[in-house]
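Take a look at the letters that make up each chain.
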Amino acid sequence: MNIQWYPGHMTKARRKMEADIKLVDAVIELRDARCPRATENPDLKKMIGNRQRLILLNKADLADSTVTKAWIEHFRETGIKAVSIDSRGRDSIDRVRKALDELTEAKRQRESARGITGKRAVKAMICGIPNVGKSTFINSMAGKASAKTGNKPGVTKGNQWININNDMLLLDTPGVLWPRFDDEETALCLAEIGSVNDQIINLEELSVRLIDRLLADYRQALFDRYSITQEEFEKKTAEQDSRILGISASALAVLDIISFRRGCIRKGAEPDYSRSSRLLIDEFRSGRLGRISLQKP
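Predicted model, so just to flag it, every value in this text is computed and none were measured.

A. Representation of the packing of aromatic side chains. Enumeration over the complete set of coordinates arrives at two aromatic pairs. Pairing F223 with F233 gives two aromatic rings, centres 5.4 Å apart and planes at 55°, and the pair type is tilted. Of this pair, F223 sits in helix α8 (residues 219–225) while F233 sits in helix α9 (residues 230–239), and the two are ten residues apart along the sequence. What makes F233 buried here is its relative accessible area of 6%. If you follow K123 out to its NZ or CZ, it ends over the ring of W161, 6.0 Å from the centre.

As structure tokens, this is what we get:
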């Protein structure tokens, strides 16, 4: 499944970030806790240089908590400070503030040694790919609607400074991807969490690929959500047409069951894969399938 999406405005946004990063003390990088590796922009690492970086694994309430803890430990072992958050929660915001203070403490001590007195506002750039929740995070930090939010990629169009209680300045930036996905797993993860425009994706193919992942790691959650029994699953899998190449018979069997279970039916009692695929993907993205992680460290 070939997925590529890099709108023209992202090139301009990337250049603006490269210029503005010189103005900040630290970089706060948001990633999706369900797939922290796929939601890392490789170009960002080059931009950051030796600046302090804090990684926030956002939407942790949607991810498998055991896997998220493993990711936090993985980052710790590689010398990177990371915090798992639900950007809508007050306790998450408090933990981010504390982590950012710890991250910039060395800089404040250096300034004090040079005779710079008084607490200066910490300047931090908020970075991340589309739809990882940057605007929601900033609004929670500020305690008001300072940045536009939306459950789709591309809501934030330009860089803007947000003053947080006069002791922190956050520079919001648009979600930026990189020009080409060389790794199919990365592309699939980004499509599944909604960081790529759905209009360029074959949602039916994406849904069966997602089902394959769920059957491997979260089969019971999938079966519970759609009231699927093991016997029904095996019977439906055996009925699938083996001539349909490139599609897992077991995944197509599950999509068949979902179609009939949720009334996604066309005339002639045929499954409406378009509707059931959209339903499945929406329920995964919203967390109604349960807490699911797509990548492990």
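B. The arrangement of the nonpolar core in detail. Among the nonpolar cores identified, the biggest contains 85 residues, and I28, L56, F137, L170 and L222 are the most heavily contacted of them. Element by element, the count of residues in this core is highest for helix α7 (residues 203–217), at seven residues.

C. Local environment of the environment of L103. Mapped onto the elements of the fold, L103 is located in helix α4 (residues 90–113). Ignoring sequence-local partners within four residues, the contact set of L103 consists of A26, Q52, R53, L54 and K81.

D. Seen up close, the packing of α7 against helix α10 (residues 249–261). Where α7 meets α10, the axes come as close as 9 Å, and the angle between the chain directions of the two elements is 105°. Classified by the angle between their axes, α7 and α10 sit roughly perpendicular to one another. Residue-level contacts link S207, V208, I211, D212 and L215 of α7 to S250, A251, V254 and L255 of α10. Split by residue class, the contact of α7 with α10 holds six nonpolar, two polar and one charged.

E. Looking closely at the sheet that holds strand β4 (residues 122–127). On the basis of which strands lie adjacent, the open sheet formed by six strands has the order β3-β2-β1-β4-β6-β5 and mixed pairing. Strands at the two margins of the open sheet, each flanked by one partner only, are β3 (81–84) and β5 (160–164). On average, adjacent strands in this sheet sit at an angle of 25° to one another, irrespective of strand direction. Relative to strand β2 (residues 52–58), strand β1 (residues 26–32) runs parallel, the two sharing seven bridges. Looking across to β2, one finds that D32 is bridged to N58. Sitting on the sheet, helix α5 (residues 134–142) is in contact with β1, β2, β4, β5 and β6 (168–172), with an inclination near 160° to β6.

F. Structural view of helix α3 (residues 65–77). For α3, with 13 residues, the first-to-last C-alpha span of 19 Å sits near the 18 Å given by 1.5 Å per residue. For α3, the full list of buried residues reads V67, T68, W71 and F75. Projected onto a plane normal to the axis of α3, the buried residues spread over an arc of 100° and lie on a single side. Opposite the packed face of α3, turned more than 90 degrees from it, sit the exposed residues T66, K69, R76 and E77. Next to the buried residues of α3 lie β1, β2 and β3. Between a side-chain oxygen at the N-terminus of α3 and the backbone nitrogen of T66 the separation is 3.0 Å; the capping residue is D64.

G. Molecular detail of the pattern of salt bridges. Counted according to the given criterion, the structure contains 26 salt bridges. Salt-bridge contacts for D198 lead to R285; the nearest nitrogen and oxygen are separated by 2.9 Å. Taken together, the positions of D198 in the loop between α6 (184–193) and α7 and R285 in helix α11 (residues 273–286) put the pair 87 residues apart, joining distant regions of the chain. When salt bridges that share partners are traced, they join E29, R31, E40, K45 and R53 into one network.

H. Seen up close, the pairing of β1. Most of β1 sits inside the fold, with seven of its seven residues counted as buried. Of the two faces of β1, the one holding A26, I28, L30 and D32 and the one holding V27, E29 and R31 are both buried throughout. A crossover links β1 with its parallel partner β2, the connecting element being helix α2 (residues 42–48), and its sense is right-handed.

The rules behind each value
Residues numbered from 1 in each chain as written. Predicted model: local features only at pLDDT ≥ 70, side-chain atom pairs only at ≥ 80, totals over all residues. Heavy atoms only, no water. Phe/Tyr/Trp six-rings, centres within 6.5 Å; stacked < 30°, edge-to-face > 60°. Helix = DSSP H or I, 4+ residues; strand = E, 2+ residues; numbered from the N terminus. Buried < 20%, exposed > 50% of the residue type's maximum accessible area, 1.4 Å probe, protein only. Lys NZ or Arg CZ within 6 Å of the ring centre and 35° of its normal. Core = buried A, V, L, I, M, F, W, Y, C linked by side-chain atoms within 4.5 Å. Contact = heavy atoms within 4.5 Å. Axes fitted to C-alpha atoms, helices over the stretch in contact; angles between N-to-C directions. Parallel < 35°, antiparallel > 145°, perpendicular 65-115°, else oblique. Nonpolar A, V, L, I, M, F, W, Y, C, P; charged D, E, K, R; others polar. Pairing = 2+ DSSP bridges. Expected span 1.5 Å × (residues − 1). Arc of directions from axis to C-beta. Polar contact = N/O pair within 3.5 Å; in protein donor to acceptor, adjacent residues only side chain to side chain. Salt bridge = Lys/Arg side-chain N within 4 Å of Asp/Glu carboxyl O. Right-handed = clockwise from strand over helix to strand, strands pointing away.

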